[in-house]
Amino acid sequence: MTDWNRRYLQNDTPWDKGHVAPPLVEALENGLEFSGKILVPGCGLGHDARYVACRSPRATVLAVDISAEALCRAQEYENPQNLDFQQIDFLGAAWTGGFNVLVEHTLYCAINPSQRQAYAEAAAKAIRVGGLFLGIFFKNDYPDLEEGPPYFSSDAQLDACFDEHFELLEKWLPGVAFEERVGEEELRLYRRQ
């Protein structure tokens, strides 16, 4: 199992690009709007969470990560008042359906595929019925050939993981991405059933 806190302490964080994910910016600038209570699991240094909070000023955003070091660094940035950081293990937390929206970017691909069903269960418990789940997923036609993290996914794997609790509203390829991720990401917007 990956020791995420140690990786932050050793500055071994190639997934952190120093700013918000371009596909998330594109999605929100193209009309996707969030309100209410928003959860950003596996937030790392909080770039995506800060952007979501700034774009949704009337919402409250909870950004969680398992790494204390990541959260310590996240709080060194200028953060909006509607954003809170907490050290929480997303998979092990006792969620009670209090969130209107979950925004996923780098947690699902970071966990071992054997934990993906636990991830889907945690997401279902965190999001209230009718709430939205926006995920930026790493895709590959042959995900089992990849070592991770990150661990890639196929359409069939994502469908199998989320179809029990979520209705897929839309999926699309982003028009922009970090340079080394071009062609490897897909956005999916789900509704909690």
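All chains use their own residue numbering, which begins from 1 and follows the written sequence. Local features are withheld for residues below a pLDDT of 70 in this predicted model, meaning they are given only at 70 or higher, and side-chain atom pairs are given and counted only at 80 or more; totals for whole chains, interfaces and linings count all residues. As a convention, hydrogens and water are excluded, and side-chain values are obtained from all of the structure's heavy atoms.

(A) A look at the pairing of strand E3 (residues 83–87). When DSSP finds at least two bridges between two strands, those strands are taken to pair. Helical segments are the DSSP runs of H or I of at least four residues, strand segments are the runs of E of at least two, and each set is numbered from the N terminus. Here strand E2 (residues 60–65) pairs with E3 via 5 bridges, running parallel. Residue Asp65 lies in a different strand from E3, and its bridge partner there is Gln87. Remark: the E2/helix H4 (residues 68–74)/E3 crossover connection has right-handed handedness. Whether a crossover is right-handed depends on one test, that the path from the first strand over the helix to the second runs clockwise when the strands point away from the viewer.

(B) Summary view of the packing of aromatic side chains. Only centres within 6.5 Å qualify two rings of Phe, Tyr or Trp (six-membered ring in Trp) as a pair; their planes then separate them into stacked at under 30 degrees, edge-to-face at over 60, and tilted for everything else. Counted by the stated rule, this structure contains 19 aromatic pairs. With centroids separated by 5.8 Å and ring planes inclined at 75°, the aromatic side chains of Trp95 and Phe99 adopt a geometry described as edge-to-face. The same class applies to Trp95 and to Phe99, which are both buried. A centroid spacing of 5.8 Å and a plane angle of 50° characterise the contact between Phe137 and Phe162, whose relative ring orientation is tilted. With Phe137 in strand E5 (residues 127–138) and Phe162 in helix H6 (residues 155–162), this pair connects stretches of sequence that are 25 residues apart. Exposed residues in this analysis have more than 50% of their type's maximum accessible area, buried residues have under 20%, and partly exposed residues fall in between, with area computed by a 1.4 Å probe over protein chains only. For Phe162, a relative accessible area of 0% gives the class buried. Joined through ring pairs, the aromatic side chains of Phe90, Trp95, Phe99, Tyr108, Tyr119, Phe133, Phe137, Phe162, Phe166 and Tyr190 make up one cluster. One residue, Lys37, lies across the ring of Phe99, its end atom 5.2 Å from the ring centre. When the ring centre of Tyr77 is taken as origin, the NZ or CZ atom of Arg50, which lies over that ring, is 4.0 Å away. Placement of a charge over a ring requires the Lys NZ or Arg CZ to be within 6 Å of the ring centre, with the centre-to-atom vector within 35 degrees of the ring normal.

(C) Seen up close, the state of the cysteines. Cysteine sulfur atoms are paired as a disulfide whenever they come within 2.5 Å of each other. Under the defined criterion, the tally for this structure stands at 0 disulfides. Sulfur of Cys54: no disulfide; nearest cysteine sulfur belongs to Cys43 and is 15 Å away. The class for Cys54 is exposed, based on a relative accessible area of 54%. Note on Cys72: no disulfide assigned, nearest cysteine sulfur contributed by Cys43 at a separation of 12 Å.

(D) Examining unusual backbone geometry more closely. Of note in the backbone geometry, Asn11 takes a positive phi value of approximately 55° without being a glycine. Positionally, Asn11 belongs in the loop between helix H1 (4–9) and helix H2 (22–29). Residue classification places Asn11 among the exposed positions, given a relative accessible area of 56%.

(E) The packing of H2 against helix H3 (residues 47–55), seen in detail. Convention adopted: a line fitted to C-alpha atoms gives each axis, helices being fitted over their contacting stretch, and angles between N-to-C directions are expressed from 0 to 180 degrees. Between H2 and H3, whose axes approach to 10 Å, the crossing angle comes to 10°. Compared by their axis directions, H2 and H3 come out roughly parallel. Facing H2, whose interface residues are Leu24, Val25, Leu28 and Glu29, H3 presents Asp48, Tyr51, Val52 and Arg55. Residues are grouped as follows: Ala, Val, Leu, Ile, Met, Phe, Trp, Tyr, Cys and Pro are nonpolar; Asp, Glu, Lys and Arg are charged; all remaining types, including Gly, are polar. Of the residues belonging to the contact of H2 with H3, the class tally is 5 nonpolar, no polar and 3 charged. Angle categories are assigned with fixed cut-offs, so that under 35 degrees is roughly parallel, over 145 is roughly antiparallel, 65 to 115 is roughly perpendicular, and the rest are oblique. We call two residues in contact when some of their heavy atoms are within 4.5 Å.

(F) Highlighting the sheet that holds strand E1 (residues 37–41). Taken together, the 7 strands give an open sheet; going across it, the order is E3-E2-E1-E4-E5-E7-E6, and neighbouring strands pair in mixed fashion. The sheet is open, and its two edges are formed by E3 and strand E6 (166–172), each paired on a single side. Averaged over all pairs of adjacent strands, the angle between their axes in this sheet comes to 20°, without regard to strand direction. Sheet strands touched by helix H5 (residues 116–126): E1, strand E4 (99–104), E5, E6 and strand E7 (185–192). Its angle to E5, the strand with the most contacts, is close to 140°.

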